Amino acid sequence: MKKALSLARLGWGKTRPNPLVGAVIIKDGRIIADGYHHFYGGDHAEVDALKKIDFAAEDATMYVTLEPCSHYGKTPPCVEAIIKSKIKKVVVALEDPNPEVAGKGIKILRNHGIEVLTGILEEEAEELNEIFIKYITTLKPFCILKTAMTLDGKIAAYTGDSKWITDEDARAYVHHIRDRVAGIMVGITTVEKDDPLLNTRISNKKVSQPTRIIVDSKLRISLEAKVVKSAKDQKTIIATTDKASKEKTTQLIELGAQVLTVEEKNGQVDLEKLMVQLGKRKIDSVLLEGGGTLNFSALEARVVDKIMYFIAPKIIGGRDAITPVEGDGKALVKDAFMIEDISLKRFQKDILVEGYTKRR
């Protein structure tokens, strides 16, 4: 199952909004085939593995990270291929949370005399497909709040300078995370201050660029901004409200951007409603990259699922230096946003703290 999970990871960023799935087939104590879901619309992991042995797997055991599908989608049901192959046992890490499957695949296999064992490395399989699980059960994107700060909690000096808080290896890792998500979201202030491209830059690898999502309640974005000037090359959504100028909206659309009008809340884009609209556009995951005001609003709106805090061994100081989460803040410590299931990752100099927002 560990090998199957490792294989599944090879599909990162290519299968969305489908899950990451790996499969390994064992017979007489040795691996006779393995496979994984390579890309959306391609063969599922089970079929990818079975094709390598021409569906001849009599008396073999298949280990698969997610319950085999039982419905017709882009491809035929995997349970049909497994039954055809004469596999005698299927070991499943995680039952499929997709309402169209949800135990039906396991039931069909058992009804055909195939032994099915579930729950092997289930937690690892859940973590692997945390994006898929959130999206398929809520139709809203899995939202990751990512930031980089110094030891004293600053994301920039009081002058606004922020290059660079973390070292090259940590920044390179961020581009791999960008490669895994469907969208990158920032607020208009970040666009005005940094004029970022918000793309994925991975050397020697062809990647599909994530959708750029700019939260801009009054549509004050400059037509000269890099994200606007490159909107025809990389999908760009500007989320605004009905306060937006119709003339500006037309100009942005002509330049290739999509302007998405969202209901407002307290004079700003309602982030909960925005997530619903992004989900309808099959954006299953969003990497939220600030700034501080948008980060606070997202936490307050309870749309953040996971946090990724890069911490650099530097101290900037300054009462006017910016912090990762600004906004109004909480009046009482007891009302703080709680993070749980914390894990740490070390880079050459920096540390990454990951965790999940506590649902109250």
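Think of each chain on its own: its residues are numbered from 1, step by step along the sequence as written. Per-residue local features of the predicted model are confined to residues with pLDDT of at least 70, and side-chain atom pairs are confined, for both listing and counting, to 80 or more; whole-chain, interface and lining totals are unaffected and use all residues. Computation of side-chain values: all heavy atoms of the structure, hydrogens and water removed.

Peer 1: Give a description of helix H10 (residues 246–254) that names residues and reports values.
Peer 2: Residue burial is assigned from relative accessible area. The probe radius is 1.4 Å, only protein chains are included, and a residue is buried under 20% of its type maximum, exposed over 50%, and partly exposed in between. By the criteria applied, helices consist of DSSP H or I runs no shorter than four residues and strands consist of E runs no shorter than two, each listed in order from the N terminus. Taken as a whole, H10 has its buried residues at Lys248, Thr249 and Leu252. What you see down the axis of H10 is that its buried residues fit within an arc of 105°, all on one side. Of the residues in H10, the exposed ones pointing more than 90 degrees away from the buried face are Lys246, Glu247 and Glu254. Against helix H9 (226–229), strand E9 (236–240) and strand E10 (258–261) lie the buried residues of H10. Between N or O atoms, a polar contact is any pair within 3.5 Å; within protein, one atom must be a potential hydrogen donor and the other a potential acceptor, and residues adjacent in sequence are included only when both atoms are from side chains. For H10, the capping residue at the N-terminal end is Ser245, with a side-chain oxygen 3.3 Å from the backbone nitrogen of Glu247. The positive-phi residue at the C-terminal boundary of H10 is Gly256, with phi of around 105°. Regarding the arc, it is the one traced by the directions from the helix axis to the C-beta atoms. Contacts are assigned to residue pairs that have any heavy atoms within 4.5 Å of one another.

Peer 1: Summarise helix H7 (residues 168–180); cite the residues concerned and give the values.
Peer 2: Count 3.6 residues to each turn of an α-helix, and residues three or four apart come out pointing the same way. For a helix, the expected span equals 1.5 Å multiplied by the residue count minus one. The end-to-end C-alpha distance of H7 is 19 Å, a good match for the 18 Å that 13 residues give at a rise of 1.5 Å each. Among the residues making up H7, those that are buried are Ala170, Tyr173, Val174, His175, Ile177, Arg178 and Asp179. Tucked inside the fold, the buried residues of H7 contact strand E6 (142–150), strand E7 (183–187), strand E13 (285–288), strand E14 (306–312), strand E15 (339–346) and strand E16 (351–357).

Peer 1: Go over the packing of aromatic side chains, please, and point to the residues and values.
Peer 2: Note on aromatic contacts: the rings of Phe and Tyr and the six-membered ring of Trp form a pair at centre separations within 6.5 Å, being stacked when their planes are under 30 degrees apart, edge-to-face when over 60 apart, and tilted otherwise. Under the definition given, this model contains 4 aromatic pairs. Taking 6.0 Å as the distance between ring centres and 65° as the angle between the ring planes, the aromatic pair formed by Phe296 and Phe337 counts as edge-to-face. Linking Phe296 in helix H12 (residues 292–300) with Phe337 in the loop between E14 and E15, this pair joins segments that are 41 residues apart in sequence. The structure contains a cluster of three or more aromatic residues connected by ring pairs, namely Tyr173, Phe310 and Phe347. For Arg180, the ring lying beneath its charged end belongs to Trp12, and the centroid distance is 4.5 Å. As a reminder, the over-ring test applies to NZ of lysine and CZ of arginine, requiring each to be within 6 Å of the ring centre and within 35 degrees of the ring normal. Across the ring face of Phe347, the terminal group of Lys345 is positioned such that the distance to the ring centre comes to 5.7 Å.

Peer 1: Any details on the pattern of salt bridges? Residues and values, ideally.
Peer 2: Definition used for salt bridges: Asp or Glu carboxyl oxygen within 4 Å of a side-chain nitrogen of Lys or Arg. Summed over all chains, the structure comprises 18 salt bridges. Between Lys51 and Asp43 there is a salt bridge, with the nearest N and O atoms lying 2.7 Å from each other. The class of Lys51 is partly exposed, set by a relative accessible area of 48%. When its relative accessible area of 30% is taken as the criterion, Asp43 is described as partly exposed. Overlapping salt bridges, with partners in common, bring together Lys3, Asp34 and Lys52 in one network.

Peer 1: Explain the sheet that holds E15 to me, and be specific about the residues and the numbers.
Peer 2: Here, strands pair whenever DSSP counts at least two bridges between them. Spatial strand order, E10-E9-E8-E7-E13-E6-E14-E16-E15: 9 strands in an open sheet with mixed pairing. With partners counted over all chains shown, the strands left at the sheet margins are E10 and E15, one partner each. For this sheet, the mean inter-axis angle between neighbouring strands, taken without regard to orientation, is 25°. Examined bridge by bridge, E15 and E16 share 6 bridges and lie antiparallel to one another. What sits directly across from Arg346, in E16, is Ile351. Note on geometry: axes are C-alpha line fits, over the in-contact stretch for helices, and angles between N-to-C directions span 0 to 180 degrees.

Peer 1: A description of the packing of helix H3 (residues 78–85) against helix H4 (residues 104–111) should follow, citing residues and the corresponding values.
Peer 2: The contact between H3 and H4 brings their axes to 10 Å, and the two run at 20°. With respect to their mutual orientation, H3 and H4 come out roughly parallel. Two packed elements cross with a definite hand, and for H3 against H4 that hand is right-handed. Of the residues in H4, those touching H3 at Val79, Ile82 and Ile83 are Gly105, Ile108 and Leu109. Residues were grouped as follows: Ala, Val, Leu, Ile, Met, Phe, Trp, Tyr, Cys and Pro as nonpolar; Asp, Glu, Lys and Arg as charged; and all remaining residues, including Gly, as polar. Class assignment for the residues of the contact of H3 with H4 results in 5 nonpolar, 1 polar and no charged. Angles below 35 degrees are treated as roughly parallel, those above 145 as roughly antiparallel, those between 65 and 115 as roughly perpendicular, and all remaining angles as oblique. Each crossing is labelled by how the near helix is turned from the far one, with a counterclockwise turn of less than a right angle marking it left-handed and a clockwise turn marking it right-handed.

Peer 1: Explain the side chain of Lys154 to me, and be specific about the residues and the numbers.
Peer 2: Its place among the elements puts Lys154 in the loop between E6 and H7. In this structure, Lys154 is buried with no salt-bridge partner, the nearest side chain bearing the opposite charge being Asp152 at 5.4 Å. A distance of 3.2 Å separates the side chain of Lys154 from the backbone oxygen of Gly318, its partner in a polar contact. For Lys154, the residues in contact, after removing those within four places along its chain, are Ala148, Met149, Ile165, Ile316, Gly317, Gly318, Ala321, Ile322 and Thr323. Positive charges come from Lys and Arg, negative ones from Asp and Glu, while His and the chain ends are left out of the count.

Peer 1: Can you explain the domain arrangement of the protein? Please cite residues and give values.
Peer 2: Many descriptions give the size of an interface as the accessible area lost when the pieces come together. Partitioning the protein into structural domains gives domain 1 (1–128) and domain 2 (141–356). Boundary definitions for the domains trace back to an automatic or database domain assignment. Centre-to-centre, using C-alpha coordinates, domain 1 lies 35 Å away from domain 2. Each side of the interface is counted separately: domain 1 has 7 residues, and domain 2 has 9 residues. Summed over both partners, the accessible area (1.4 Å probe) lost when two parts come together is defined as the buried area. Taken over both partners, the interface formed by domain 1 and domain 2 buries close to 660 Å², and the fraction arising from carbon and sulfur atoms is 45%. Considering only the surface of domain 1 that becomes buried against domain 2, Trp12, Arg16 and Pro17 emerge as the three largest contributors, covering 73% of it. Taken together, domain 1 and domain 2 are joined by 0 salt bridges. At the junction of domain 1 and domain 2, the tally comes to 2 residue pairs in polar contact (both at pLDDT 80 or more). Class assignment for the residues of the side of domain 1 that touches domain 2 results in 3 nonpolar, 1 polar and 3 charged.

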